[in-house]
Every structure is written in C-alpha cells, then in structure tokens.
Amino acid sequence: MIRHLLSAGDLSLDDATLVLDTADEMARLTEGRAVKKLPTLRGRTVVNLFFEDSTRTRTSFELAAKRLSADVVNFSAKGSSLSKGESLKDTALTLEAMGADGVVVRHSASGAPYRLATSGWINACVVNAGDGTHEHPTQALLDAFTMRRHLGELAGKRIVIVGDVLHSRVARSNVLLLATLGAKVTLVAPPTLLPKGVDHWPCGVSYDLDDALAGADAVMMLRVQSERMSAAFFPSAREYSRRYGLDSRRQSLMPPEALVLHPGPMNRGMEITAEVADSARSVIVEQVTNGVYVRMAVLYLMLAGTNTTEEA
Amino acid sequence: MTPILIQNARVLGGDPQDILIDDGVIAGLGAGLGKDGATTIDAAGLIALPGLVDLHTHLREPGREDAETVETGTLAAARGGFTAVHAMANTDPVADTAGVVEQVWRLGREAGHADVRPVGAVTVGLKGERLAELGAMAESAAGVRVFSDDGLCVHDAQLMRRALEYVKAFDGVIAQHAQEPRLTEGAQMNEGELSGRLGLRGWPSVAEEAIVARDVLLAAHVGSRVHICHLSTKGSVEIVRLAKERGLPVTAEVTPHHLLLTDELVAGYDPRYKVNPPLRTADDVAALREALADGTIDIVATDHAPHPVEAKDCEWDAAAFGMLGLETALSVVQHTMVDTGLLDWAGVADRLSFAPARIGRCDTGGVPHGRPVAVGEPANLALVDPSTTTTIDPSTSASLSRNTPYEGMKLPGTVVATFLRGRPTHQAHQITGGTAGGNT
Amino acid sequence: MSRDLTGAREVLDGDDVARALTRIAHEVVERNKGATDLVLLGIPKRGVPLAHRLAQRISAVEGIEVPVGALDVTMYRDDLRLRPARALEHTEIPPGGVDDRIVVLVDDVLFSGRTIRAALTALEDIGRPRAVRLVVLVDRGHRQLPIRADHVGKNIPTSLAESVKVRLTESDGHDGVLLDKPAREQREPAETAASEVQP
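Residues numbered from 1 in each chain as written. Chains lettered and ligands numbered in written order. Predicted model: local features only at pLDDT ≥ 70, side-chain atom pairs only at ≥ 80, totals over all residues. Heavy atoms only, no water.

Trainee: Help me understand the nonpolar core in this model?
Mentor: Burial of nonpolar side chains together is a common tendency in soluble globular proteins. In terms of nonpolar packing, the biggest core is built from 115 residues, with Met26, Met147 and Leu187 of chain A touching the most fellow members. Take this core: its biggest share by element is twelve residues, from helix 12 (residues 284-303) of chain A. Split by domain, this core shows at least three residues from each of two domains, domain 1 (8-136 + 290-303) and domain 2 (137-288) of chain A. Filtering out sequence-adjacent residues up to four positions away, Met26 of chain A remains in contact with Leu38, Leu68, Tyr293, Met296, Ala297 and Tyr300 of chain A together with Met75 and Leu88 of chain C. By size, the runner-up hydrophobic cluster in this structure holds 76 residues, among which are Val212, Ala291, Val300 and Leu330 of chain B. (Core = buried A, V, L, I, M, F, W, Y, C linked by side-chain atoms within 4.5 Å. Buried < 20%, exposed > 50% of the residue type's maximum accessible area, 1.4 Å probe, protein only. Helix = DSSP H or I, 4+ residues; strand = E, 2+ residues; numbered from the N terminus. Domains from an automatic or database assignment. Contact = heavy atoms within 4.5 Å.)

If you want it as structure tokens, here you go:
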C-alpha cells in the first residue's frame, strides 16, 4: 500500500482493489453489530486539517477514524495561508510536534497535500481530502465502492460523469480510478467546462448528454456552482440545466437499473431534479454511508501497519 | 592599477591570444604580448567574452532587501560574468521617478560589482493607468533608456501606443511583459494537458502571443521600437520572425530557464518551478533555441528574480513567481546552445553582450558595455572555462535568495573571472600567476 | 512420504487430520451434551475450513444443522504495528448471532496465544456468548498468554526456530501438517504466528 494517498492515480489496480475489499470488510464489521468501534488504531492520532470548510467530508473522516479508535483532532484553518497568518509549513510543523500519525488535509490550493507529503515538514501519512481543483481520491473510492456494490466488478462498466469537469476534483479522481478499475468513462460537459488536454485523459468526452446516457450503467452528476455563470462558462442556469441537467426524461434514456450518483452537496433544480435525486435508482444517500467505510479502509491500510519511517 | 596580462585566452572562442589590460582599457591584443610589471593570468583553454549585459534583472532594492540588494545582486552578476545589469522597476517604491532610478543607479556605483542601469516604469506605480515621467528618468543621472512595467503587462492598447511614441524623443524602448490579463486571471502554470491534470489554472500561450502580435503592429504603426521580455512560446517566436521579415522594429529576449526547463517539472507542485511566464513545453523550448540561434530572438536575459525562502516554502498557489538566473545563465546557455552546436562563442557574445547593450543603449556613452574585444575598448571581460561541470548548489550563491530551479543539476562551464573596466569583480579562484617580466 | 521437497517433516498426514477432526467433533458434542446452541467460528484462513469440517461431522452425529462462521481478528491484533497493514479476511457471523450461544473458536495452530486473545476481544464487540471454547488442530507450545485449548488435534513439541505448516485441501490441495526448520535465525513467536498459517 502507498504511504500517502494524494491522487487516485497513485493507486495500482491491486491497491485500489485492496481498499475496496477492505471497505467491504469494514462495512461487514460495523453494519448491524453491538459495538461499531474497532480497536485497531488505538493510540494513533489522526488530524483533520481543513483549510476549507467541508462539514460532510470532515465528519466522514472523523467518524471513520473514531470507529477505528484513533484519537482525532480537528484542525480547522479557514482561509488560505495567504489571507490568515500561519503558513502551511508552520501548521505542518505544529502537527508534527503534536505527534500526528496521519494528516487528512483539505485545501483550496491544488497540490497542497503534495507539499505536506514531500517537503519534509512532517513524517505523518498524508491523505488528500480534496485539494483545489485537483483531486479528491477518497470520494472516487467511495463512488467506486458504491457502484461496485450494485453493479459488481467495474471492468467494462459504462459510467457517465456530467458537469463542471474543469473545476472538479471529484471528476479528476474518478476518471483516474475508474480507468484503473477498467471502467469506460465518458465526460459530458459544455466545452467551456472541460480542461485543455482532456482528450488525453483515459476517458471519452461528449457535449451531448442524451447521447451519452443511452447504455450507461451509472451517471454521476457534478455540482455546478452558480458563480461559474458570471464568469461566462455558460449563459444561464436555465440553459445549463436544460442542456446538462438530469431530469426524469433523461433518466428514462438510461437502462432501468442504471445508478444515479452525486458527490454532494446538490443544487436541486440545477444539475439534478429533486425527482431524480430521490428516485429509487439514486444512491446519493448511500454514498455518504459508504464514505465512512472507504475512509476506514484507507486509514486502516495507511496507519495500522508499520510506518516506513519507523522501519528505517 | 597594475596592468594585467591575460595569456592565451580564446577571444570569442577564436585562436589563443594575449590580452593586455592597462588603465581600465584593452591596451594590447595579440600573440606573445609582454609587459613589465603586469600581473599575468594563464588563460589557456579559457574563452574570453565581452562583459555580459543583462537586460532583465530584479535587484529588489529598494523595498525587498530581504530577497536581494543591489550589493548582493550585482555580486551575483559579477560571478555570472556580467558587467552591467538592467534593474527592473518593480521595487517598493516603484522606479517610476527620477529620484528612485537615481538612487538605484547610485547604489550600483557604490557596490561596484557591476554597472546598474535602472529600468524605469512605464506607468505610475505599475498601475497601467497613466504614463510615468519617462523623460525625467531619461534625463536623470541614471540615463534610463529601457522602460518596463515588468511583472505586469501594459495591456491598455492606447496607453501602450502612447508609451511607444513618447520614448522616441530620447531613443528609449518599451520592454513589454506580454501577458493578456483577462486570459491569465489566477494563472499558475502553462495551460496544457498537465495544468488540466494538476488542477492548476492555466496560463495559455495565446495570452502572450496576442500581446506580442498587437505590440509589433503598434510599434510599426507609430514607428517606434518595442522589446519583448522573456518570450516563452513557439507562437511568439513565429510572430516575431514574421515581424522581422517585414522589417518591423522589434527585439526579443529569452530567459535561460525557458531554454532548458519544461512544464513537466511542475508535476510535483514544487514552487521553485513557478515562474512568469511559466515553463512551457519541450516543443516551445526547441523553438526558442532555434530562434535564438537564427537571431529571431536577439538576446538572452536572465529575469533573475530572487525571493526569500518563505515565498517558495509553501503551497504552489501561494508561492511567488520567479527564479534566480544571474550566476547560472552562461552555463545554461553553454549547455543548451553551445554544446548542442546551435551557437558558437561569438554568437554567445552577441546574444549576451553586444545585442543587449545595443537594445539598452548602453553600448555608447561614458561607461559603455557590449563593446568589441579590441584595443582601446573598456576592459569589460569575462573569462570562461567551458570544460568544467558543476553541480548547482544554492547555498553557494552570492544572492541573498536560494530559489534556483537548477539545484542538483550538473551544468557545464565556469566563469573564472570577470573584469569591469580592468578591475576584477570576480575570481573563481586565485588566477593571477605572479608578475610578468620574463617568459611564460 | 515423510519429507516434502523443502525438507519439511510431515508430522500428520491426511488420514491423521481426518481422524483428529472426527475425535474433536465427538469431544465437542460430549462436552456440550449435544449440539444445541453451538456456533463454530473459524479464524481465517485455515480455521475456517476446519470449522466447516467440524460442523459437518457434528451434524452427522447429532442430526442438526450447526451454524458456522468466520471471525477475522486482524483488526484486533496486538502486532499490527510490527508489519505493513495487511488485507482483511472475511468475518461472517451466522444470522443467529453469538448472544447466549456456546461459541467454539477453531484455528489451525495454537502458538503464542495472541491470535486467540484477539479473537476473544473481537467476540466481545459482536455479542455475549454463554461460553467460549477453543479447538486447534495443532498445539505447538510456547504460549505467551494464559490461554489453552479445550480440544487439540495433536500436541507437537517444537523449538522456536521451527515452523508448523498446516495444509488443507480447501486451500492447498491436500491435508497434512509439516514441521519445518528454516535456516533463518530464531524469531519471536509474535512475529511468526501469523506467517506460519499464511505462508
């Protein structure tokens, strides 16, 4: 297993499968039993270092760590190091001095977890909990885990990811992980919301949602922030949802058993209608539950065993 | 001052000759020179170049003396073989008045390691709103001829036109930092496949090329010359090439780092590789080398941009743009241009000394630079040993800052000695070999 | 065959294993006065097929279905930090649970006792059995905790340098127990306990 989880692309097929299988066991070990807590990470300290607000991701990591009996410290440093005093480096040195074994970091700057992991400021394992517009590997893992529970092995499965790919760390991580797992991914977005060079990514690209939905095994809707509108990425919210929103008519274009996913938080009425979000094929709430299992698996695999620096 | 006799130096890479320096000028040039009482230097195997002239240096003083001072920056310049540097205007306060440019010029004189030629800001406070007092700066003791808002682009077309026109009165030149601001809002690296993958905001080539194209057309329209700073893209090269074919009055520079490094280095998010304009692709690098070889790009300028440790010891987005360049420039040029056969040493002398001095209009006047290595000319010289290989170690830099992108790289060539009007401003080791009188 | 290709000595052959399991099945039933309330939990990997075989034998004797499951103790081990994190095995608790049942833990080799200690802790988080008993195919000694087996297939005195390898048809193609003396230096049982059941 890798020492830091920075990018979904760092996971080999074996690693990714190990995480998903372990998450399966975590679900099995905690679902419907008297004591949901496992003693595995007793005495280990996990720091949730959140430079950006995200109650759901932080809570999910916190619960995962606590279920494994780790000591959890929430270190909330709202605003970047630029705007508020302490630098990333000083924060890292503080955490190191406190004896953190694992640091779960969320940051508005792409690559901030790389700096933490590679700069020599800390020895702790670093888990990327979302960095800027770069990646969010545990989200991709929980998405894959959720889809795998319903669809079986993902090799050959057709998965459509729709929305603001340009600014989406969820999309980047999903494309990399799903490619590793052998799924066929199609990105659908207006051309303005696709990054340059997307044609080199291990996936297909389409501007036509109706077309892409036929034959899909799952569709993942990405959150579209309304401020993109003022930056002229698209003319209006109404036009966006008409062309790229998932409504009942579009859902009916998919095979009846196809899944609907969304990383949350949703803009109901924008990228997804309430009807679809609450439909029987929507696994959006389940994604949240599964997030805890996947994060338990990641924390277990990264923190339970020998730390490479202790070995040396 | 004791005369200095440099023996067996290959002037501009030619056959070995002796160079006699006396009273700050080249007093003799030829085989088997002798001079009683002269200090001799055995320069066998060394290349003698005219003192290098940098058209693009950030000395940071006044305002950011924690990053660099005129003293330390010019010391780094001397170590790199430079005898003159043009100090960019983005200091604090901005060099937009005669007072500030004279202060910088005077600090350079006091330091004495290299002549400092201040660059004046084009607009007041680099704000891009109204012209600074360009004439006053030109007429000051600093004798400013190069004006630039470097770091920021003079993006207002009307303002740029006026600036180009206005400096004709005193033979000035506008050095444009070509960056269309709207296309580069929040830009962090070259826009391409990698920026998409890394989730870093892209700095597209077109944002440079659009301004380069506009400005060569504006310069042609008003009959003024324009200089393009740190050209970084293949597209810009093509525009400048076309402009020159049409005889338009444009000159251009390329930095050493854009001749060597590519955007792939950004993949680890190490801010040492964060620079503006950003590192581009291997394709761009190849086009830039070719353009420098064929003269489409006139000069190499360092864009030496010192930053304190904390400005780079942080996340990528928060890090400052810029790299050190003075001490490594010649090595990078040797590596990328000479050792590859694209340029000979005479070409190096042109691109790093003659041409930049001409563009900056410091090739004439009381203390000229970029003069031929010839009898009667000021003894501004750099002696280079092209046979060495050095692993770059930031801790040995003369600069106050350590933000070199070349740390750990092996680069060829060493500047063995630099002479400013006959006075050694840098010696890599004790090279003077005693007093001449007899035979060598 | 008394030595395999690696030079390990076979201390139990397939027939010996079968006979030991049959005897243990009878002992368990006798001790429990029937098969009522029994739940067999195998400790992965090789404890699980052993538990299934025992259950079959008990059912054959008593004529009632005996619930069988698997209890992975990896998350409860005290030696996790000594090695890289390992993949988890399946935990499968039979639908009836363990509350107020007689849980019989089944493992292949009893060595330091640490695996059983972990299993007892794991069991605590799942429910509250009326009693817990332990079946092992081989007891090789060298206990580090006050733990003993209720039913043992064979006691095999070993030196710490030796390793005991259990082979089962389900995972290895044939049944047998090998005693191997590796050319390596002596290791602590805590480190070897898991590797000898997962070679």
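Trainee: For this particular structure, what's the right way to read the UniProt feature "domain: Dihydroorotase catalytic" (unreviewed entry) in chain B?
Mentor: In this structure's numbering, the residues bearing the UniProt feature "domain: Dihydroorotase catalytic" (unreviewed entry) are residues 47-235 of chain B. Each end of residues 47-235 of chain B is marked by a C-alpha atom, and these two atoms are 34 Å apart; helix forms 35% of the span and strand 17%. (UniProt positions renumbered as here; feature names shortened; annotations may be inferred.)

Trainee: Got a minute to help me understand the confidence of the model for chain C in this structure?
Mentor: Detail in the predicted coordinates should be disregarded across regions flagged by low pLDDT. Looking at chain C as a whole, its pLDDT mean stands at 89, while 88% of the residues score no less than 70. With pLDDT under 50 throughout, residues 185-199 of chain C is counted as low confidence; its partners more than four residues away or in other chains account for 31 contacts. (pLDDT = per-residue confidence, 0-100.)

Trainee: For this particular structure, what's the right way to read the arrangement of the chains?
Mentor: Most contacts, among the two pairs of chains that meet, fall between chains A and C. When C-alpha atoms are compared, chain B and chain C, though not in contact, are closest at a spacing of 26 Å.

Trainee: Looking at this structure, I do not really get the confidence of the model for chain B. What am I missing?
Mentor: Per-residue confidence for chain B gives a mean pLDDT of 95, with 98% of residues at or over 70. Predicted confidence is poor over residues 436-440 of chain B, with pLDDT under 50, and the contacts of this stretch with residues over four places away or in other chains come to seven contacts.

Trainee: Explain the packing of helix 1 (residues 13-30) of chain A against helix 5 (residues 137-151) of chain A here, please?
Mentor: The description of two packed helices rests on the angle between their axes and on the distance between the axes. All names here are of chain A. Two elements in contact, helix 1 and helix 5, have axes separated by 10 Å at closest approach and are oriented at 70°. In terms of their interaxial angle, helix 1 and helix 5 are classed as roughly perpendicular. Helix 1 and helix 5 meet at a crossing whose hand is right-handed. Every residue of helix 5 that contacts helix 1 at Thr17, Val19, Leu20, Asp21, Ala23, Asp24 and Ala27 is listed here: Leu141, Ala144, Phe145, Arg148 and Arg149. Class assignment of the residues belonging to the contact of helix 1 with helix 5 gives a composition of seven nonpolar, one polar and four charged. (Axes fitted to C-alpha atoms, helices over the stretch in contact; angles between N-to-C directions. Parallel < 35°, antiparallel > 145°, perpendicular 65-115°, else oblique. Left-handed = near helix turned anticlockwise from the far one by under 90°. Nonpolar A, V, L, I, M, F, W, Y, C, P; charged D, E, K, R; others polar.)

Trainee: What am I meant to see in the sheet that holds strand 4 (residues 125-131) of chain A here?
Mentor: Strands in a sheet are paired, the pairing made by backbone hydrogen bonds, and the direction either parallel or antiparallel. All names here are of chain A. Overall, parallel pairing links the four strands, which are arranged 2-1-3-4 in an open sheet. Looking at strand neighbours, the two that pair on one side only are strand 2 (71-76) and strand 4, the edges of this open sheet. The average angle at which neighbouring strand axes cross in this sheet is 15°, direction not considered. As judged from the five bridges shared by strand 3 (residues 102-107) and strand 4, these two strands associate in the parallel manner. (Pairing = 2+ DSSP bridges.)

Trainee: Quick question: what am I supposed to make of the pattern of salt bridges here?
Mentor: If charged atoms from side chains of opposite charge come close, those side chains can pair. Residues and elements named next belong to chain A. By the definition in use, this model includes 50 salt bridges over all chains. Measuring nitrogen to oxygen at the nearest pair gives 3.0 Å for the salt bridge that ties Asp278 to Arg268. Remark: Arg268 occurs in the loop between strand 9 (259-261) and helix 11 (274-277) and Asp278 occurs in the loop between helix 11 and helix 12; sequence separation between them is ten residues. The exposure class assigned to Arg268 is partly exposed, which follows from its relative accessible area of 45%. (Salt bridge = Lys/Arg side-chain N within 4 Å of Asp/Glu carboxyl O.)

Trainee: Any chance you could explain the interface of chain A and chain C here in plain terms?
Mentor: How big an interface is tends to be expressed through the accessible area that disappears when the partners come together. Counting residues at the interface gives 23 residues for chain A and 19 residues for chain C. Roughly 1700 Å² of surface becomes buried between chain A and chain C when both sides are summed, with 55% attributable to carbon and sulfur atoms. Three residues stand out in chain A for area buried against chain C, namely Glu25, Arg28 and Tyr300 of chain A, and they jointly supply 28% of the buried area on that side. The interface formed by chain A and chain C includes one salt bridge. (Buried area = accessible area lost by both parts, 1.4 Å probe.)

Trainee: What's the story with the UniProt feature "binding site: Zn(2+) 2" (unreviewed entry) in chain B in this structure? I'm lost.
Mentor: Residue and element names in this part refer to chain B. Following the UniProt record, one finds the feature "binding site: Zn(2+) 2" (unreviewed entry) at Asp150, His177 and His230. Their sequence span is 81 residues, while the largest C-alpha to C-alpha distance among them is just 9.9 Å; these annotated residues converge on one region. Mapped onto the elements, Asp150 comes out in the loop between strand 9 (146-147) and helix 4 (157-166). For Asp150, the residues in contact, after removing those within four places along its chain, are His56, His58, Met88, Asn90, His177, Cys229, His230 and Asp303. A polar atom in the side chain of Asp150 sits 2.9 Å from the side chain of His56. Mapping His230 onto the fold places it in the loop between strand 13 (226-228) and helix 7 (234-245). Judged by relative accessible area, which is 2%, His230 ranks as buried. Apart from residues lying up to four places away in sequence, His230 is in contact with His56, Asp150, His177, Glu208, Glu253, Thr255, Asn276, Pro277 and Asp303. At a separation of 3.1 Å, a polar atom in the side chain of His230 contacts the side chain of Asp150. (Polar contact = N/O pair within 3.5 Å; in protein donor to acceptor, adjacent residues only side chain to side chain.)

Trainee: Sorry, what's going on with the interface of chain B and chain A here?
Mentor: Contact with chain B, which involves 19 residues of that partner, is made by 21 residues of chain A. Summed over the three residues of chain B that lose the most area to chain A, namely Tyr269, Asp313 and Glu315 of chain B, the buried surface amounts to 37% of that side. In this assembly, chain B and chain A are joined by two salt bridges. Arg115 of chain A is paired through a salt bridge with Asp313 of chain B; the nearest N and O atoms lie 3.8 Å apart.

Trainee: Would you mind going over the domain arrangement of chain B with me for this structure?
Mentor: All names here are of chain B. Taken as a whole, chain B is organised into domain 1 (4-47 + 377-394 + 411-436) and domain 2 (51-359). Computed from C-alpha coordinates alone, the two centres of domain 1 and domain 2 are separated by 29 Å. Listed by partner, the interface residues are 20 residues for domain 1 and 23 residues for domain 2. When domain 1 packs against domain 2, close to 1600 Å² is buried across both sides, 66% of that on carbon and sulfur atoms.

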